[in-house]
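# A structural walkthrough
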Amino acid sequence: MKTNYMGDLGSELPDKMENKKHFGNLMHILAQSVSGLAAKGVNQGKTDEMIWIQKRSSDYQKWFKMTKERLGFEDKGVHSLTSLIKRFKKQGLIEGYIVYSYDDSKGGAYTEREDIDSSLNVATTLAGIRNAILLEENVEVIGRRLGLKRLFDARGKTMDWCYDNVLGELNRNALLTVDPKVGYNRAVAIANRCACVYGINDITAKFSEWLNPPSPVFGWNCGGEAEQTGLVTEYGHFQTATNWALNLPLLSADSENAELRRIKAVEPSDINYNDNRRPAAFIMSDGDNLQWITGKFCMDRRYWANPYHGGFPMGWTICPGHLSQLCPAAFNYLSDTQPKNSGLMEYGGGYYYPDLFAKKRENRLKYLEMHAERISHYLNRTGIKVFSFICKDVDSPEALEAYSLYAKKLKGIYGMIAVQYYPYNGGDGEIFWYKNSEGTEIPVITATHSIWNNARWEGGGTPAKIARLINEDSTDTGFSIVSSHAWSKFNKIPDNDQEAENVPKEASKKQLKNAESGLTPVKWCVDRLNHKDVHVVTPEELIWRVRMEKRPEQTEEVINRLQKKYSER
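Described below are features of the structure shown in this document. (Residues numbered from 1 in each chain as written. Predicted model: local features only at pLDDT ≥ 70, side-chain atom pairs only at ≥ 80, totals over all residues. Heavy atoms only, no water.)

## A word on the overall build of the chain
Check the secondary structure of the chain and you find 20 helices and 20 strands. For 569 residues, the compact-globule estimate of 2.2 N^0.38 gives 25 Å, and the C-alpha radius of gyration of the chain, at 25 Å, lies within 12% of that figure. Dimensions of the chain, computed from C-alpha atoms along their principal axes, come out at roughly 75 × 55 × 45 Å. Classification of the 569 residues of the chain by burial places 62% in the buried group. The long-range share in the chain, meaning contacts at least 24 apart out of those at least 6 apart in sequence, stands at 78%. Accessible surface computed for the chain: about 23,100 Å², of which carbon and sulfur atoms make up 44%. Side chains of the chain carry 73 positive and 72 negative charges; the gap between the two charge centres is 6 Å. (Helix = DSSP H or I, 4+ residues; strand = E, 2+ residues; numbered from the N terminus. Rg over C-alpha atoms; globule rule 2.2 N^0.38 Å. Buried < 20%, exposed > 50% of the residue type's maximum accessible area, 1.4 Å probe, protein only. Contact = heavy atoms within 4.5 Å. Areas by Shrake-Rupley, 256 points an atom, 1.4 Å probe, with all protein chains shown as cover. Lys, Arg positive; Asp, Glu negative; His and termini not counted. Charge placed at Lys NZ, Arg CZ, Asp CG, Glu CD.)

In structure tokens form, the structure reads like this:
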């Protein structure tokens, strides 16, 4: 059943309401709680009805249609929140409500702020335990008029209270980091009885330590990206970057039984290894960001829907393991629309740093191995053959330990690509070799260059600069792997002035509007290459070329083995 969550509840409001400007957000939070309790009821076999929260988005409309076809459910139309609350109360799924106070601290969502009111996170944490909907204090009248009982008053409470009083009733296999100003993902937390925390602080660390490693962290946190990701990484967990994702309970329903359309991989025997030009592969960053892949990636003309997509070989980092679990529709769409010369790779199996993974636990490699085995399962389900990831330090002893473990545990991969957090090309094209489970050496290749606006490090910069460096073979590796920063904006220029392509850090709105990001700047770089000396290929093909050059005998043996395997099918 669908809801646009505004419905007829406006008539229930008191004449004087302090937070009228936040009414839409308060109703979204209420809708999330109803959706979460419905999903919990489905998990427990108490109902077969779920909620779809309406969103004007071509992506989400597509995912709804594809999910409906996959599950074969009946669309019962749009319902007001009032009717849904009455319906699920009658089914015994809603037993009452929890009241909270809205966070009015100064600053935008997902920022570090002073005096944050975390009572909504307390209320959300308790809602799945108490079977309660969420009502802000100014709209508590809605609960009373619907005959609901106040089950708990979360005002003035913090997550320390939850840690001290209800820890044993919570799910130890997932966590939600969510700004108290935001409603998104609360349905996921309620359906699965997850704790909700926010901030890089002691309580987030306490819940991260309590969580069973390795576990997913839904949502997003505030503060520096490396700091917040490092915090959960060090306890053996991984970010999902789902902070603006919507309707995950329905999109993920029965996902383990979903039929996945496997990604098209390069056939190594089809590669012309006599082409002696230097191979160059381009890779779009940030594909571990699930809310982006499900929300604005697939239909966005800057990225997957770019008119240049398919016009030249391109590599895309995505999160196939997470998509196959949380939104199989989006994964299948990518598979269905994948051009022949586009290569897709798993980006980490979540956002974390392998070299820091579980460093605060005893025997950290035990937990990394557990995570790698899960990743391997989804690589096999999706057909992905290249594993890429971000390390804090790509040649540290801890990173090398992780590479060795991945090589043994990730069955069937062709190779790996390692990107450094800062700069992306911190490995300068260094190659590490490790034996897989069959005793064959496979490469871990580090990025050589990065397309990044206003970069001032060696090997990083504008499309014009990177094209010049590739043409000059500046790394002297004989190949190039270029990680292109998905969010960097550049100016289109008629010549090769590598500085003029940079968009100023203090750019005006007009300058930003006229600038380009995503695939188009990569196209500018490709167009400037000397194609007599440089051959643009997918990351998969580059890996096979490196294997053939550095390990020719064993690579030919592997290719023959693969050909025989395919011919026997």
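## What to know about helix α1 (residues 23-43)
With 21 residues, α1 should reach 30 Å at 1.5 Å per residue; the first-to-last C-alpha distance of 30 Å fits that figure. Within α1, 17 of the 21 residues are buried, leaving the element largely enclosed by the surrounding structure. Looking one or two residues beyond α1, the residue adopting positive phi is Gly45, at roughly 75°. (Expected span 1.5 Å × (residues − 1).)

## Section: the pairing of strand β20 (residues 534-537)
By the alternation rule, side chains of β20 split into Val534 and Val536 and His535 and Val537, which are all buried. The pairing of strand β10 (residues 278-284) with β20 spans four bridges and is parallel. Across the sheet, residue Ala280 finds its bridge partner in β20, namely Val536. (Pairing = 2+ DSSP bridges.)

## A word on the sheet that holds strand β6 (residues 175-177)
Taken in spatial order, the four strands make up an open sheet running β7-β6-β8-β9, and their pairing is parallel. Strands with a single pairing partner mark the edges of an open sheet, and in this sheet they are β7 (195-197) and β9 (238-239). Sheet topology places β6 next to strand β8 (residues 216-219); three bridges connect them, and they run parallel. By the bridge assignment, Thr177 is partnered in β8 with Gly219. Sheet contacts for helix α8 (residues 202-210): β6 and β7; angle to β7, the most-contacted strand, approximately 145°. (Axes fitted to C-alpha atoms, helices over the stretch in contact; angles between N-to-C directions.)

## Re the packing of aromatic side chains
On inspection of all chains with the given rule, the structure shows 31 aromatic pairs. Measuring from centroid to centroid gives 6.3 Å for Tyr303 and Trp487, while their planes differ by 75°, and the two rings are edge-to-face. Placement of Tyr303 in the loop between α11 (290-297) and β11 (314-318) and of Trp487 in the loop between β19 (480-484) and α17 (509-514) is noted, with a sequence separation of 184 residues between them. The exposure class assigned to Tyr303 is buried, which follows from its relative accessible area of 2%. By the ring-pair criterion, three or more aromatic residues cluster together here, those being Trp292, Phe297, Tyr303, Trp304, Trp316 and Trp487. When the ring centre of Tyr353 is taken as origin, the NZ or CZ atom of Lys392, which lies over that ring, is 5.5 Å away. Over the face of the ring belonging to Tyr308 we find Lys523, whose NZ or CZ atom lies 4.9 Å from the ring centre. (Phe/Tyr/Trp six-rings, centres within 6.5 Å; stacked < 30°, edge-to-face > 60°. Lys NZ or Arg CZ within 6 Å of the ring centre and 35° of its normal.)

## Notes on the packing of helix α16 (residues 463-472) against helix α18 (residues 519-527)
If you want to describe how two helices pack, look at the angle between their axes and the distance between the axes. The N-to-C vectors of α16 and α18 enclose an angle of 35°; their axes lie 8 Å apart at closest approach. α16 and α18 meet at a crossing whose hand is right-handed. Residues Pro463, Ile466 and Ala467 of α16 touch α18, and the partners they reach there are Pro521, Trp524 and Cys525. (Left-handed = near helix turned anticlockwise from the far one by under 90°.)

Keep in mind that these numbers describe shape and distance, not what the molecule does.
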